[in-house]
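Understanding the architecture of this molecule
If you want the building blocks of each chain, they are given just below.
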Amino acid sequence: MKAVVFHGIGDIRLDDVSMPRIKDPKDAIVRITASAICGTDLHMVRGTLGDMKPGTILGHEGVGIVEEVGREVRNVRPGDRVVIPSTIACGYCSYCRCGYYAQCDIANPHGPQAGTAFFGGPAASGPFDGLQAEWARVPFANAGLVRIPDAVPDDQALLTSDIFPTAYFGASIAEIREGNTVAVFGCGPVGLLAIASAHLLGAGRVIAVDTIPSRLELARELQAEAIDFNEVDPVEAIHSLTGGIGVDRAIDAVGVDAVRPGHGPGSRHGRKNVSKFQQELKEIAPRKKPDGRNWVPGDAPSQVLIWGVDALAKAGTLSIIGVYPETAHAFPIGKAMEKNLAINMGNCHHRRFIPKLLRLIRNGSVNPAAILTQHQPLSSAIEAYKAFDRRQPGWVKVELEPALQA
Ligand SMILES: NC(=O)c1ccc[n+]([C@@H]2O[C@H](COP(=O)([O-])OP(=O)(O)OC[C@H]3O[C@@H](n4cnc5c(N)ncnc54)[C@H](O)[C@@H]3O)[C@@H](O)[C@H]2O)c1
Ligand SMILES: [Zn+2]
Ligand SMILES: [Zn+2]
């Protein structure tokens, strides 16, 4: 079968690989009907997230049709249409039972302290072969797979595999209350759905920060007040929009590949941080391998953490869902302390949110597929990765379909 395979930093290929097989009675084999490329995949190819094992199939977002189940899988049958949660979790340990699926004690073969187990991730996360493939083995399918209601099409359901639950989790841990003003940093797929999720949780105003015109336009369509960080200093703009008070809640939907303003007042104010960012990048991405405009790590790893803390009102809450590797150490702790901020963060507990989000989609409360701008055949995956990585205008969220012809 065809699959997107990680060979090295800056080197991914569409390879012929062997078909997955059931290895455990709780496994299922799913024929993937749609997968997607995520900002998390970009960190791995740019070299800013973890040690990837060459040969790992990439991708952690997918929907498909169950083809075969192990003897302990009783929730789904061959022929069922399912969404695959990005994180892998046993469903029976004390963490899973409390809804902390990303902290499952059992799923990661390196043990309970090794971190979140997920498809297509670094060696320390399993590694488990991912979902940018024609077929996939799903461990703990007995507790993980969620059937898709007939009324929900594949492209809507696909977004509940990772980014919509992540965005909703980000809005939840931001502790949004009715009427709050929320800043969302990053208008990639996760940030855009964080805007939608903030509204679902009752936010009064949402202010969105990015610099890519097509993404800022989508943010506006989602009723956010859009700020281009290359036009104005985003912290100044947020304070000016909030009577000098700042926002009640801020969500970092950017992570380690943040960039700093290249021009405008933000770049002048940020000059003092440049050498600090360069030092951070040395520690985080010692082996980067840019190829022209592709696979270039962000030049300001802690930029959004700094802006988030500065933009918040006193006693506000910072929610961090943008991903940072273990090697990232920089955080403006003193300022956050002085302002009595609450800080919540982490990997999404996908399985906890998926059934609820499928219901919200089915009853028409939300349409996450509004951000799905590209439908590409799996056979064009490498070109699609490059366009998404370069943030080509209009390329917001890319679906990969094995059955589409190039
Ligand atoms: N916590 C989780 O469980 C989880 C799950 C999925 C994705 N993520 C993470 O969420 C983040 C976003 O994912 P995505 O798919 O939307 O990625 P993406 O790369 O498509 O989007 C990131 C956006 O941030 C913008 N950006 C860069 N620097 C910025 C800055 N200084 N200020 C404001 N915006 C800036 C970029 O222009 C881009 O539009 C990634 O870090 C990804 O790894 C986390
Ligand atoms: Zn993802
Ligand atoms: Zn568990």
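All figures in this text were calculated on a predicted structure; none of them were measured in a lab. (Residues numbered from 1 in each chain as written. Chains lettered and ligands numbered in written order. Predicted model: local features only at pLDDT ≥ 70, side-chain atom pairs only at ≥ 80, totals over all residues. Heavy atoms only, no water.)

Side note on the overall build of the protein chain
Within the protein chain, the regular secondary structure consists of 14 helices and 15 strands. For the protein chain, whose C-alpha radius of gyration is 20 Å, the value lies close to the compact-globule estimate of 22 Å for 406 residues. Summarising its shape, the C-alpha atoms of the protein chain cover approximately 60 × 45 × 40 Å along the three principal directions. Residues counted as buried form 59% of the 406 residues belonging to the protein chain. Across the protein chain, the fraction of contacts at a sequence separation of at least 24, relative to all contacts at a separation of at least 6, is 74%. When the accessible surface of the protein chain is summed, it comes to about 16600 Å², and 49% of that surface belongs to carbon and sulfur atoms. Across the protein chain, the mean location of the 42 positive side-chain charges is 3 Å away from that of the 43 negative side-chain charges. (Helix = DSSP H or I, 4+ residues; strand = E, 2+ residues; numbered from the N terminus. Rg over C-alpha atoms; globule rule 2.2 N^0.38 Å. Buried < 20%, exposed > 50% of the residue type's maximum accessible area, 1.4 Å probe, protein only. Contact = heavy atoms within 4.5 Å. Areas by Shrake-Rupley, 256 points an atom, 1.4 Å probe, with all protein chains shown as cover. Lys, Arg positive; Asp, Glu negative; His and termini not counted. Charge placed at Lys NZ, Arg CZ, Asp CG, Glu CD.)

Observations concerning the packing of helix H6 (residues 189-200) against helix H7 (residues 213-221)
Between H6 and H7, the shortest axis-to-axis distance is 10 Å and the interhelical angle comes to 15 degrees. The angle between the axes of H6 and H7 places the two elements in the roughly parallel class. Our pair here, H6 against H7, has a crossing hand that is right-handed. Contacts from Pro189, Leu192 and Ile195 in H6 reach Arg215, Leu218 and Ala219 in H7. Partitioned by chemical class, the residues of the contact of H6 with H7 number 5 nonpolar, no polar and 1 charged. (Axes fitted to C-alpha atoms, helices over the stretch in contact; angles between N-to-C directions. Parallel < 35°, antiparallel > 145°, perpendicular 65-115°, else oblique. Left-handed = near helix turned anticlockwise from the far one by under 90°. Nonpolar A, V, L, I, M, F, W, Y, C, P; charged D, E, K, R; others polar.)

Description of the coordination of the zinc ion (ligand 2)
Coordination of the zinc ion (ligand 2) by the protein is provided by Cys38 (SG), His60 (NE2), Glu61 (OE) and Asp162 (OD), with metal-donor distances spanning 1.8 to 2.3 Å. Around the zinc ion (ligand 2) sit 4 donor atoms; with metal-centred angles ranging over 96 to 127 degrees, the donor geometry is tetrahedral. Here the donor residues of the zinc ion (ligand 2) are spaced in sequence according to C-x21-H-E-x100-D. With Cys38 in the loop between strand E3 (28-37) and helix H1 (39-46) and His60 in the loop between H1 and strand E4 (62-69), the pair connects residues that are 22 residues apart, well separated along the chain. Relative accessible area serves as the criterion here: at 4%, Cys38 is assigned to the buried category. With a relative accessible area of 3%, His60 lands in the buried category. (Donors = N, O, S within 2.8 Å, 3.2 Å for Na, K, Ca; no water. Tetrahedral: all angles 85-135°; square planar, octahedral: opposite > 155°, others 65-115°.)

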